[in-house]
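Chain residues, written in single-letter form:
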Amino acid sequence: MRSTLERPPAHVCAAFGGSADGGERLPDSTAWHCGDLVLKPVTDKVRTLWTAHALDYVREPGLRVGKPVRSTDGRWIVGGWTASRFIPGTPEHRGDASVLAAVKLHRATVGLPRPDFLDTRTDIDAVADRVAWEELEVPLAETKGGRWFEVLAGARRPIRLPSQVAHGELLAGLLFDGDSSPGLVDFVPYYRPGEYGAAIVAVDALAWGGAGRDLLERWAHLPEWPQLLLRAVLFRLASNALNPRSTQASLDGLRAAAREVSGIL
């Protein structure tokens, strides 16, 4: 198997219109910056093709989107690599801007069809999402988030919002560059109400981004907000409890988020 740290070969760069030297590897990433392109090794062809379609679909003036680039013969994938336009910026803890980006994104993706591969996902986050939405029951380690999950789960009530493709990792995936609009370069899909993506952003900002309850209160006008926040914190608690690599620091952050969410239920 080809190493994901390998430089993209010259013929791949040329196929996407980039320079032959392959550029420079982006920090803490398997992607390579090559002029105005970013080249990424493909580890899952189905998801890569879906992500290319999703990012190509998004038309939202309030977001800078790293649009996928086709090769000279029209392909999204060449030699195990895919390409997109380079978007400058770095992840930052901007709670309100990130929640707003989630709202804008999910208004722009209402028409995206449900990805078929969601049915076959068995990774930790996919399982945790189903547990949070009462579609699956699995044991959760009490000392890693299961106890908090048990305490909060009884407050779940039906949510009467239509499901759509929703981004489940937006806070960590947005790129900020000064006063420019947030940049979107990836899409981690779930099929839930669109506002669920905003709720996950808010919970992540509380848990690990230094935000407080005022962030939740400023977005209280979103439909079914308390229940979506509850699902989001249950999702993260279940994921933490199922993850053998979860840390005490991550649990401490989730406890703080859980306390704030429980206060508005």
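For every chain, the first residue of the written sequence is number 1, and numbering continues from 1 along that sequence. Where local features are concerned, this predicted model is filtered to residues with pLDDT of at least 70; where side-chain atom pairs are given and counted, the filter is 80 or more; whole-chain, interface and lining totals use all residues. The side-chain numbers reported here are obtained from all heavy atoms of the structure, hydrogens and water having been left aside.

### Describing the nonpolar core
Looking at soluble globular proteins, one finds that nonpolar side chains tend to be buried together.
Line of reasoning, step 1. Buried Ala, Val, Leu, Ile, Met, Phe, Trp, Tyr and Cys residues form a nonpolar core when they are joined through side-chain atoms within 4.5 Å. Burial classes: relative accessible area under 20% of the type maximum marks a residue as buried, over 50% as exposed, and values in between as partly exposed (1.4 Å probe, protein chains only). By size, the foremost hydrophobic cluster in this structure holds 63 residues, and its most contacted members are Phe-149, Trp-225, Leu-229 and Val-233.
Line of reasoning, step 2. Here the element with the most residues in this core is helix H9 (residues 225-242); it accounts for 11 residues.
Line of reasoning, step 3. Leaving out residues up to four positions away in the same chain, Val-233 has contacts with Leu-152, Val-203, Leu-254, Ala-257, Ala-258 and Val-261.
Line of reasoning, step 4. Membership of the second largest hydrophobic core comes to 12 residues, among which are Ala-15, Trp-32, Cys-34 and Ala-83. Helical segments are the DSSP runs of H or I of at least four residues, strand segments are the runs of E of at least two, and each set is numbered from the N terminus. Contact between two residues is taken to exist if any of their heavy atoms lie within 4.5 Å; hydrogens are not considered.

### Examining the side chain of Gln-227
Line of reasoning, step 1. Considering the arrangement of structural elements, one finds Gln-227 in helix H9.
Line of reasoning, step 2. Accessibility expressed as a relative area gives 11% for Gln-227, which makes it buried.
Line of reasoning, step 3. In this structure the side chain of Gln-227 is engaged in a polar contact, spanning 2.8 Å, whose partner is the backbone nitrogen of Arg-157.
Line of reasoning, step 4. Those residues in contact with Gln-227, other than ones at most four positions away along the chain, are Ala-155, Arg-156, Arg-157 and Ile-159. Polar contacts here mean pairs of N or O atoms no more than 3.5 Å apart (in protein, one a potential hydrogen donor and the other a potential acceptor; neighbouring residues in sequence count only if both atoms are side-chain atoms).

### Looking at the pattern of salt bridges
Line of reasoning, step 1. Whenever a carboxyl oxygen of Asp or Glu lies within 4 Å of a side-chain nitrogen of Lys or Arg, that contact is scored as a salt bridge. This model, assessed by the stated rule, comprises 15 salt bridges.
Line of reasoning, step 2. Linking Asp-96 and Arg-218 is a salt bridge whose minimum nitrogen-to-oxygen distance equals 2.6 Å. With Asp-96 in helix H3 (residues 95-108) and Arg-218 in helix H8 (residues 213-218), this residue pair connects regions lying 122 residues apart in the sequence.
Line of reasoning, step 3. Judged by its relative accessible area of 30%, Asp-96 falls in the partly exposed class.

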